[in-house]
Amino acid sequence: MSNSITETNALSLLNTAIKVAISNWELQNTRLNSLLDKLSDEQLAAQTAPGRNSGVYLLGHLTGVSDGMFTYLELGDRLHPELDNLFLRNPEAAELERPSIVELKAYWAEVNAQLKQKMEALPAEAWFAKHSAVSAEDFEREPHRNKLNILINRTIHQGYHLGQLVYLLSKPNV
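A short tour of the structure in this document, coming up.

Calculation criteria
Residues numbered from 1 in each chain as written. Predicted model: local features only at pLDDT ≥ 70, side-chain atom pairs only at ≥ 80, totals over all residues. Heavy atoms only, no water. 1 Å grid on protein atoms, 1.4 Å probe; cavity = no way out; pocket = protein on both sides within 12 Å on 5 of 7 lines; lining within 4 Å. Points joined across faces, edges and corners; volume = space filled by probe spheres on them. Helix = DSSP H or I, 4+ residues; strand = E, 2+ residues; numbered from the N terminus. Expected span 1.5 Å × (residues − 1). Buried < 20%, exposed > 50% of the residue type's maximum accessible area, 1.4 Å probe, protein only. Axes fitted to C-alpha atoms, helices over the stretch in contact; angles between N-to-C directions. Parallel < 35°, antiparallel > 145°, perpendicular 65-115°, else oblique. Contact = heavy atoms within 4.5 Å. Nonpolar A, V, L, I, M, F, W, Y, C, P; charged D, E, K, R; others polar.

Describing empty space enclosed by the protein
For the structure shown, the criterion picks out one cavity of 30 Å³ or more. Put simply, the largest cavity is a space of about 30 Å³. Along its surface, the largest cavity is lined by L62, V65, S66, M69, R154, H157 and Q158. For the lining of the largest cavity, the secondary structure elements donating two or more residues are α3 (55-72) and α8 (147-165).

Structure representation (C-alpha cells):
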C-alpha cells in the first residue's frame, strides 16, 4: 500500500474534515438545545454568575453570531440582522427591548436549521475560499482565513458560552 495521497484521496480527506467540522458544530447546537429544554424561562433569565450575562442574553448573542455566518460564509441573506444591535453591539446592561424567550428560541432553531442545510450543500473547495470579511490581498498572505476557519471559530465560541449557560441549571426555578 502506497503512502502517497492521490487527488481522489485528498478530496476524500477534505470532505471528511469538513464533515467533522460541521458535525462538531451540530454537536454544540444539540448540546445547547438539550440544555434549553431543561431550563425554565426563569432559569434562562438569570445571570450565569453574579455580574455576568443572563442566559437570555447569551441565547440572543449566540443566535446573532450564528446568523452572521450567512454573511461570512456567503450563504445568502441573514434571517435576523436586528439581533446585532441587541446582542452583539450593546451589552445586556443597555436594557434595550429584546425579543421574548419564545421568539429567541424560535430564531435559534430557524437560523441553525437553515445554516445546516446551506453548509451541507457547500462544495469542499468553497470551504477553503476566503470568507467575506477578509480582503483578497490578506487572504493571499493568510489562506487560513477561510470559511472553514469561521465554522471552527464559531463552534468554539458556542462551546465557551455553553459552558457559561450550564451554570443556570443550578439556579432555582422561581
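What about α3?
One turn of the α-helix equals 3.6 residues, which is why residues spaced by three or four share an orientation. Relative to the 26 Å expected for 18 residues at 1.5 Å per residue, α3 spans 25 Å between its end C-alpha atoms, a close match to the ideal helical length. The element α3 is extensively covered by neighbouring structure, given that 16 of its 18 residues are classed as buried. Following α3 by one or two positions, E74 has its phi on the positive side, about 55°.

Observations regarding the packing of α3 against α8
Running from N to C, α3 and α8 point in directions that differ by 175°, and their axes come no closer than 11 Å. Between α3 and α8, the angle falls in the class roughly antiparallel. Listed contacts from α8 to G55, L58, H61, L62, V65, S66, M69 and Y72 of α3 are K147, I150, L151, R154, H157, Q158, H161, Q164 and L165. Class assignment of the residues belonging to the contact of α3 with α8 gives a composition of eight nonpolar, seven polar and two charged.

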